[in-house]
Amino acid sequence: MADTNAPRPGNPVTWFEIGTDDPDAAMAFYRDVFGWTFETHDSYSMITTGPDHSLHGGLNDTRAAGPSTPTTYAVPYIQVEVVADACAAVEAAGGKVIAGPASTPEGLDFAHVADPAGNHIGLWRPPAG
């Protein structure tokens, strides 16, 4: 399996997240239709799309999220070198920063942005190391 934390040239989509207020039904759907597997940690489940697939994702139980989080969504995440710089580039190109940049305690940097048409995109950089 490919290392999702390894540097990627060209800012590819390297992660996706699905938000739902019915995670059991969502997991059953994606498992039954696509064969995906899930490893649940509290209100977040890690998604593996196949044994040799390098694209992984997460399923967020939005019942545990804050009031500004939509109850359902699907967002591709683009891996970038510096999240704050990518946010500035989004705004310079006519997009909007929705949330962030922010960091997790583990050092993962992320932000949510919108392109000029309003499409939601995630930006992220894995922890160093």
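Shown above is the structure to which this text applies.
For every chain, the first residue of its written sequence is number 1, and the numbers climb from 1 along that sequence. Residues qualify for local features only when their pLDDT is at least 70, as the model is predicted, and side-chain atom pairs are given and counted only at 80 or more; totals for whole chains, interfaces and linings, by contrast, use all residues. Values shown for side chains rest on all heavy atoms present in the structure; no hydrogens or waters enter the calculation.

This brings us to a nonpolar patch on the surface. Only residues whose relative accessible area exceeds 30% and that form no salt bridge are eligible for patches; like-charged ones are grouped when within 9 Å, while nonpolar side chains (Val, Leu, Ile, Met, Phe, Trp, Tyr) are grouped when within 5 Å. What sets the accessible areas is the Shrake-Rupley method with a 1.4 Å probe; for residues, cover comes only from the shown protein chains. The rule for a salt bridge is simple: a side-chain nitrogen of Lys or Arg has to be within 4 Å of a carboxyl oxygen of Asp or Glu. A contiguous nonpolar patch, built from Phe29, Val33 and Phe34 and spanning about 300 Å² of accessible area, is present on the exposed surface. For Val33, the position within the fold is in helix 1 (residues 23–34). Here a strand is any run of E in DSSP of at least two residues, a helix any run of H or I of at least four, and the numbering for each starts at the N terminus.

Mapped onto the elements, His112 comes out in strand 7 (residues 109–114). Each residue gets one of three labels from its accessible area relative to the maximum for its type: buried under 20%, exposed over 50%, partly exposed in between, using a 1.4 Å probe on protein chains only. Relative accessible area serves as the criterion here: at 14%, His112 is assigned to the buried category. Any two residues whose heavy atoms approach within 4.5 Å are treated as being in contact. Those residues in contact with His112 that lie beyond four places of it in its chain are Tyr77, Val97, Ile98, Ala99, His120 and Ile121.

The topology assignment puts Pro51 in the loop between strand 3 (44–48) and strand 4 (56–61). Given the relative accessible area of 69%, Pro51 is considered exposed. Residues Pro51 and Asn119, spaced 68 residues apart in sequence, show a C-alpha to C-alpha distance of 30 Å.

Helix span, expected: 1.5 Å multiplied by one less than the number of residues in the helix. Under the 1.5 Å per step criterion, the end-to-end length of helix 1 is 16 Å for twelve residues, consistent within 8% with the ideal 16 Å. Listed in full, the buried residues belonging to helix 1 are Pro23, Ala26, Met27 and Tyr30. Looking down the long axis of helix 1, one finds its buried residues gathered within 100° of arc, a one-sided arrangement. Opposite the buried face of helix 1, by more than 90 degrees, sit the exposed residues Asp24 and Asp32. Residues of helix 1 that are buried in the fold lie against strand 1 (13–20), strand 2 (37–41), strand 3 and strand 4. Looking at the residues trailing helix 1, positive phi occurs at Gly35, about 75°. What the arc describes is the spread of directions from the helix axis to the C-beta atoms.

The next thing to look at is the sheet that holds strand 4. An order of 2-3-4-1-5-8-7-6 is seen for the eight strands of this open sheet, with the pairing classed as mixed. With one partner strand each, in any of the chains shown, strand 2 and strand 6 (96–103) form the two edges of the open sheet. Averaged over all neighbouring strand pairs, the angle between strand axes comes to 20°, with direction disregarded. Two elements, strand 3 and strand 4, share five bridges in a ladder whose sense is antiparallel. Looking across to strand 4, one finds that Ile47 is bridged to Gly57. Packed onto the sheet, helix 2 (residues 83–92) meets strand 6, strand 7 and strand 8 (120–125) and runs at close to 10° relative to strand 7. A pair of strands is treated as paired once DSSP finds two or more bridges between them. Only C-alpha atoms enter the line fits that serve as axes; for helices the fit covers just the stretch in contact. Angles between N-to-C directions range over 0 to 180 degrees.

Take it as geometry only, folks, not as evidence of what the structure does.
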